[in-house]
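# Summary of the model geometry
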Amino acid sequence: MSAPNKSYDPVEVEALKPEAIERMRDEALAAFAAADSLDALQEAKVAHTGGTSPLALANREIGALPPQAKAAAGKLVGQARGAVSKALAGRQTELEAERDTRVLVEEAVDVTLPYDRARAGARHPLTTFMERVADVFVSMGYEVAEGPEVEAEWFNFDALNFTPDHPARQMQDTFFVEGPKGTAGDESGVVLRTHTSPVQARSMLDREPPVYIVCPGRVYRTDELDATHTPVFHQIELLAIDEGLTMADLKGTMDHMVQSLFGSDMKTRLRPNYFPFTEPSAEMDMLCYVCKGTSVGNPDRPCRTCSSEGWIELGGCGMVNPRVLVACGVDPEKYSGFAFGFGIERMLMFRHNVEDMRDMVEGDVRFTRPFGMEI
Ligand code: FA5
């Protein structure tokens, strides 16, 4: 810095000449404009606005000027520094915006990409749906009952009024664990239960009436695996034994079930059928929950869910045969009861438009995942 000008003589300071200040300003502006990153801008900032920058040094020279020249020089340097600060702030804002845009692109996360982390498991939709159905009956006061999957032939067939020559007892329908009744001189063979109905007999023998039970469980038949059959599947059995029960109670109970599961405007219908353990017996259908019957005779609005039948087959039902009541120690003069049994796989198929039952049993998580993480 030059020595103070005590004599008040005009002094020519090179660094304070207007053209010098202008050059310093323009060099600073050019350096900021050329900075292509925030780091480069920081370097230019130090070089052109720092304590040893040309403009800062020029500013210090003002002190050496005679008083009458100080104001003009101060104004000149001040304007130049103001322009430099403004340009610096402007470039800073531009580069920060560029950085933010780049970061948003470079660090964007594609949330649809599959990721490596092990996914939390969830229960199979068959299990959760079976429990949901059972819950409908639990909320009506029914008790959940269980029975063995490896079952005595007596419970699976005899107690349920299947005659010894009933076709269901044949090897081609039933998995025998120990030979059919009589083959080895045994009282009763041992089977993989072919339905959940033996739990009816077990429940009546275990409990005093009234009996209200719901039994979800796995059953086995020698059916080939195809789009609508599997050799291992699930059923839900319902049994109510009390004084004065009629088919009207059965139908009312089933209407409540379909309304709980499919909507309040649902209803059921009965078609005559035969089961050895119920009399009378019926097949129960529910109104198609998709078309509500409007597709019947209406070729313009075909329904895939019910094949335009208007109704969907639910399962078998009827009033418990008095012979079964007697075999299970219940007085048929005092008590009557109804029973109902249906397949969970078939119900899950039409409820969720599953076209092939094999998808349910093959264990591919791409089938189960859309059902969510219900646990
Ligand atoms: C029975 O098993 C009777 N126990 C039902 C019953 C209970 C009637 C109480 C009266 C009183 P059925 O053989 O029709 O009935 O089988 C019932 C349901 O099991 C069928 O409607 C069907 O949904 C399902 N089902 C039968 N075989 C298979 C199979 N191989 N794969 C998947 N589901 C099946």
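Once a new chain begins, its residue numbering starts again from 1 and follows that chain's sequence as written. Whole-chain, interface and lining totals are the exception, using all residues; otherwise, since this is a predicted model, local features are given only for residues with pLDDT of at least 70 and side-chain atom pairs are given and counted only at 80 or more. Think of the side-chain values as coming from all heavy atoms in the structure, minus any hydrogens and water.

Let us look at the overall build of the protein chain. If you tally the helices and strands in the protein chain, you get 12 helices and 10 strands. Our radius of gyration looks at C-alpha atoms and nothing else; its globule reference is 2.2 Å times the residue count to the power 0.38. The C-alpha radius of gyration of the protein chain comes to 44 Å, more than 25% above the 21 Å expected for a compact globule of 375 residues. With the C-alpha coordinates of the protein chain rotated into their principal frame, the extents come out at 135 × 50 × 40 Å. Residues counted as buried form 40% of the 375 residues belonging to the protein chain. Across the protein chain, contacts joining residues at least 24 apart in sequence account for 67% of those joining residues at least 6 apart. To qualify as a helix, a DSSP run of H or I must reach at least 4 residues; to qualify as a strand, a run of E must reach at least 2; elements of each kind are numbered from the N terminus. We call a residue buried when its accessible area falls under 20% of the maximum for its residue type, exposed when it is over 50%, and partly exposed in between, using a 1.4 Å probe and counting protein chains only. What makes two residues a contact is simply this: any of their non-hydrogen atoms within 4.5 Å.

Now for the side chain of D285. Position of D285 relative to the elements: it lies in strand β8 (residues 278–287). Judged by relative accessible area, D285 falls into the buried class, the value being 2%. Whenever a nitrogen or oxygen atom comes within 3.5 Å of another N or O atom, the pair is scored as a polar contact, on the condition that within protein one atom can donate a hydrogen and the other can accept it, and that pairs from neighbouring residues in sequence are kept only if both atoms are in side chains. Only 2.6 Å separates the side chain of D285 from the side chain of R271, close enough to count as a polar contact.

Let us look at the pattern of salt bridges. The term salt bridge refers to a side-chain nitrogen of Lys or Arg lying within 4 Å of a carboxyl oxygen of Asp or Glu. Summed over the entire model, instances satisfying the criterion amount to 17 salt bridges. Close ionic contact of D285 with R271 constitutes a salt bridge, the shortest N to O distance being 2.6 Å. Here R271 lies in strand β7 (residues 268–275) and D285 lies in strand β8, a separation of 14 residues in the sequence. R304 is paired through a salt bridge with E355; the nearest N and O atoms lie 2.4 Å apart. Pair noted here: R304 is in the loop between β8 and β9 (311–320) and E355 is in the loop between α10 (344–351) and α11 (358–361), with a separation of 51 residues, a long-range link.

To summarise the sheet geometry, strands pair through backbone hydrogen bonds and adopt either a parallel or an antiparallel arrangement. For two strands to be treated as a pair, DSSP must find at least two bridges joining them. Pairing is mixed in the open sheet, where 7 strands are placed in the order β1-β5-β6-β10-β9-β8-β7. Every interior strand has two partners, whereas the edge strands, β1 (143–144) and β7, have only one. Examined bridge by bridge, strand β5 (residues 211–220) and strand β6 (residues 232–242) share 10 bridges and lie antiparallel to one another. Within β6, the position partnered with V211 by the bridge is I241. Axes here mean lines fitted to C-alpha atoms, for a helix over just the part in contact, with angles spanning 0 to 180 degrees between N-to-C directions. Strands in contact with helix α8 (residues 247–262) are β6, β7, β8, β9 and β10 (336–343); relative to β10, the strand with the most contacts, it is inclined by about 35°.

Here the focus is unusual backbone geometry. Trans peptide bonds make up most of the peptide bonds, and negative phi angles are found at most residues other than glycine. Of note, the amide linkage connecting P209 to P210 takes the cis form, showing an omega dihedral of 0°. Within the secondary structure layout, P210 lies in the loop between α7 (198–206) and β5. The omega torsion of the bond from E279 to P280 falls at -5°, within 30 degrees of zero and hence cis. With respect to the secondary-structure elements, P280 resides in strand β8. Of note, S308 is a non-glycine position whose phi angle comes to about 60°, a positive value. Turning to its location among the elements, S308 is positioned in the loop between β8 and β9.

Take T196: it is sitting in the loop between β4 (190–192) and α7. A distance of 2.7 Å separates the side chain of T196 from the side chain of E237, its partner in a polar contact. Not counting residues within four places of it along the chain, the set of residues in contact with T196 comprises C215, G217, V219, Q235, I236 and E237.

Quite often, the size of an interface is put as the accessible area lost when its parts meet. Those domain boundaries reflect an automatic or database domain assignment. Once the domains are mapped, the protein chain shows domain 1 (10–106) and domain 2 (125–371). Summarising the inter-unit geometry, the C-alpha centres of domain 1 and domain 2 are found 88 Å apart.

Our focus in this paragraph is the site of the ligand. Here a residue is near a molecule or strand as soon as one of its heavy atoms is found within 4 Å of it. Around the ligand sit 21 residues, and of these H195, S197, R221, D223 and Q235 come closest. Contact distances for the ligand include 2.7 Å between a nitrogen atom and a side-chain N or O atom of D223. Backbone polar atom of G343 to an oxygen atom of the ligand: 3.5 Å apart, as the coordinates give it. For the shell around the ligand, the secondary-structure elements that each account for two or more residues are β6, β9 and β10. Residues of the shell around the ligand, tallied by class, amount to 7 nonpolar, 10 polar and 4 charged. In this count, Pro and Cys sit with the nonpolar residues alongside Ala, Val, Leu, Ile, Met, Phe, Trp and Tyr, while Asp, Glu, Lys and Arg are called charged and the others, Gly among them, polar.

Among the 8 residues in α10, 7 count as buried, and that is most of the element. At the C-terminal side of α10, N353 shows a positive phi close to 55°.

Attention now moves to the sheet that holds strand β2 (residues 150–152). Spatially, the 3 strands line up as an open sheet ordered β2-β4-β3, and their pairing is antiparallel. Of all the strands in the sheet, the pair left with one neighbour each is β2 and β3 (176–178). Within this sheet the neighbouring strands show an average axis-to-axis angle of 35°, counted without direction. Looking at chain direction, β2 and β4 are connected through 3 bridges and run antiparallel. In the strand pairing of β4, E151 is matched with V191.

Turning to helix α3 (residues 54–61), a few remarks are in order. Within the sequence span of α3, burial applies to L55, A56, A58 and E61. For α3, the elements touching its buried residues are α1 (18–34) and α4 (67–106).

What follows deals with the environment of K70. Inspection of the secondary structure assignment puts K70 in helix α4. Setting aside residues up to four positions removed in sequence, K70 forms contacts with I62, G63 and L65.

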